Amino acid sequence: MFRGVDYMLVDSLFNEEELLVRQAARQFVDERVIPLMRDCYREARFPRELIPEMGRMGFLGANLTGFGGAEMGNVEYGLVMQELERGDSGVRSFASVQGALVMYPIVTFGSEEQKRRWLPRLASGEAVGCFGLTEPDFGSNPAGMRTSARQDGAAWVLNGEKTWITNGTLADVAVVWARTPEGIRGFLVEKGTPGYSASDIHGKWSMRASVTSSLAMADCRVPAESLLPGARGLKAALMCLTQARYSIGWGVIGAAMDCYETARQYTIVRKQFRDRPIASHQLVQEKLAWMITEITKAQLMALHTGRLKDQGRLEAAHVSMLKRNNAAMALETARLARDLLGANGITDEYPIMRHLCNLETVKTYEGTDHIHTLVIGERVTGIAAYE
Ligand SMILES: Cc1cc2nc3c(=O)[nH]c(=O)nc-3n(C[C@H](O)[C@H](O)[C@H](O)COP(=O)(O)OP(=O)(O)OC[C@H]3O[C@@H](n4cnc5c(N)ncnc54)[C@H](O)[C@@H]3O)c2cc1C
């Protein structure tokens, strides 16, 4: 079993339940996820068979309350995300979308009927959800969205297109954000609704083991009960993104740990120049030292944000720093690890190149590195450099 990466006794800061949850997730990833990922990545296949298993493990919507789920604390939930992404960013993305972007809005903005209908099935993995915010012409700036919803009698009629939607063609229900005369609102659109369709995006060299789709709504008529009653304005969608970004801030630590540990072990065994391990060369040690230092800093920031979240004191600008720092840290760790494996680093005999390619997406989605930089800039100057 994976031994973990703990340079500065960070484990001593977790309580017993947190360590137990991590242990369960670690074992699940070692036994069920990692053995599948190389082939899934080659075949560009999301391992759907893991969905009910993740449901049974309580990983879906794990930190949400009120529907009989796992009701984990935010640090336990973060540790689950870390382990899942040690397996693959696509598997963690599935769980992040299902929990933070589909179950969270239903818990927070949904009617009692919507909660009853969807939450138990989404938690068990019997149903899958997706979150449609991004459009072909509006990524970093979703406020410009063109997807519209107008009322027609008791029904709503949706028109527009969403793209880059994780889980899109798998989804039984899509949380779709659309412009209405009263501002942006969220809708639950069910698979099979006339006028609604989803199709997959192919040709990805990143997140190959994740389903990414486009959604089209052409005079798609949904009943009045599809509106999420509490979701008013873009702020509601951004609240969901804050939840998902929190899970990314933890998840990427897992990918970084896998890259670092693979490189550390490799450099101790691989010999070059006078039969000495490459780990004995100072330039190699410098890279390992950088990686473990940055991983340790990322662990501490994730843990602190988790404690703040449990106390209700975590702010969106804090999460921007977590997501930006930890995603950049993981991407650079993957690049350095790839370098240390030399030619072997480019093959899928090792997980590094897969993590590296995935992390390029993680840098971009859920707010690009630039956008989180501007959020932090606004926070410290009081001046927004973007609208
Ligand atoms: C695999 C994958 C899965 C995804 N899953 C989902 C999903 O489930 N649901 C969903 O809604 N979306 C999803 N997305 C979309 C993702 O959130 C967007 O790609 C992201 O928000 C960036 O938008 P964009 O790709 O249109 O890039 P753009 O917004 O066009 O940005 C391109 C570049 O311009 C920079 N830029 C833009 N504006 C500024 C500015 N003001 N200042 C400085 N730099 C700027 C960006 O930082 C970036 O470097 C996914 C994306 C990928 C790749």
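That block above? That's the structure.
From a predicted model like this one, the values you see are computed outputs, not experimental measurements.

Enquirer: Go over the layout of surface pockets with me, naming the residues and quoting the values.
Expert: Within this model, the largest pocket holds a volume of roughly 1,300 Å³. Considering the residues around the largest pocket, the lining is formed by 50 residues, among which G139, L241, R245, E366 and G367 are closest to the centre. Contributions of two or more residues to the lining of the largest pocket are made by α4 (89-109), β3 (155-166), α6 (234-269), α8 (316-340), α9 (352-364) and α10 (369-381). A total of 10 residues in the lining of the largest pocket trace back to one element, the largest contributor, which is α6. Split by residue class, the lining of the largest pocket holds 23 nonpolar, 18 polar and nine charged. Taken as a whole, the second largest pocket encloses approximately 440 Å³ of empty space. Considering each element in turn, the lining of the second largest pocket owes the most residues, seven residues, to helix α1 (residues 16-43). Of the residues contributing to the lining of the second largest pocket, the split by class is 10 nonpolar, one polar and eight charged.

Enquirer: Describe the site of the ligand, naming the residues involved and giving the relevant values.
Expert: As a matter of local geometry, the ligand sits amid 16 residues, with T134, S140, W164, T166 and T368 nearest to it. One nitrogen or oxygen atom from the main chain of L133 is found 3.0 Å from an oxygen atom belonging to the ligand. Separating an oxygen atom of the ligand from a side-chain N or O atom of S140 is a distance of 2.6 Å. A total of 970 Å² of accessible area belongs to the ligand in isolation, and the protein chains cover 66% of it. At a threshold of 2 Å from the grid points, most atoms of the ligand map onto the largest pocket. Where the shell around the ligand is concerned, the elements lending two or more residues are β3, α9 and α10. In terms of residue count, the dominant contributor to the shell around the ligand is β3 (three residues). The residue makeup of the shell around the ligand, split by class, is six nonpolar, nine polar and one charged.

Enquirer: Just give me the short version of the packing of aromatic side chains, but keep the residues and values in it.
Expert: Within the structure shown, the criterion is met by seven aromatic pairs. Look at Y77 and Y246: their rings are 6.4 Å apart centre to centre, the planes differ by 15 degrees, and that puts the pair in the stacked class. One end of the pair, Y77, is in helix α3 (residues 74-87); the other, Y246, is in helix α6, and 169 residues separate them in sequence. Taking relative accessible area as the criterion, Y77 reaches 2% and is therefore assigned buried. Seen from their ring centres, W156 and F187 are 5.2 Å apart, and the 65 degrees between their planes marks the pair as edge-to-face. Here W156 is found in strand β3, whereas its partner F187 is found in strand β5 (residues 183-190), with 31 residues between them in sequence. For the pair formed by W156 and F187, the shared burial category is buried. The residue whose ring lies beneath K309 is Y246, and the NZ or CZ to ring-centre distance is 5.4 Å.

Enquirer: Hey, could you go over unusual backbone geometry for me, with residue numbers and the actual values?
Expert: The phi dihedral of M207 is positive, around 50 degrees, even though this residue is not glycine. With relative accessibility at 4%, the residue M207 sits in the buried group. The phi torsion at D219 lies on the positive side, around 45 degrees, for a residue other than glycine. Counting through the fold element by element, D219 comes out in strand β7 (residues 212-222).

Enquirer: Lay out the pattern of salt bridges in plain terms, naming residues and giving numbers.
Expert: Taken as a whole and assessed by the stated rule, the structure comprises 28 salt bridges. When the shortest N-O distance is used, the salt bridge between R185 and E182 registers 3.2 Å. Judged by relative accessible area, E182 falls into the partly exposed class, the value being 49%. Counted as one network, the salt bridges with shared partners bring together R26, D30, E83 and R86.

Conventions adopted
Residues numbered from 1 in each chain as written. Predicted model: local features only at pLDDT ≥ 70, side-chain atom pairs only at ≥ 80, totals over all residues. Heavy atoms only, no water. 1 Å grid on protein atoms, 1.4 Å probe; cavity = no way out; pocket = protein on both sides within 12 Å on 5 of 7 lines; lining within 4 Å. Points joined across faces, edges and corners; volume = space filled by probe spheres on them. Helix = DSSP H or I, 4+ residues; strand = E, 2+ residues; numbered from the N terminus. Nonpolar A, V, L, I, M, F, W, Y, C, P; charged D, E, K, R; others polar. Near = heavy atom within 4 Å. Polar contact = N/O pair within 3.5 Å; in protein donor to acceptor, adjacent residues only side chain to side chain. Areas by Shrake-Rupley, 256 points an atom, 1.4 Å probe, with all protein chains shown as cover. Sits in = over half its atoms within 2 Å of the grid points. Phe/Tyr/Trp six-rings, centres within 6.5 Å; stacked < 30°, edge-to-face > 60°. Buried < 20%, exposed > 50% of the residue type's maximum accessible area, 1.4 Å probe, protein only. Lys NZ or Arg CZ within 6 Å of the ring centre and 35° of its normal. Salt bridge = Lys/Arg side-chain N within 4 Å of Asp/Glu carboxyl O.

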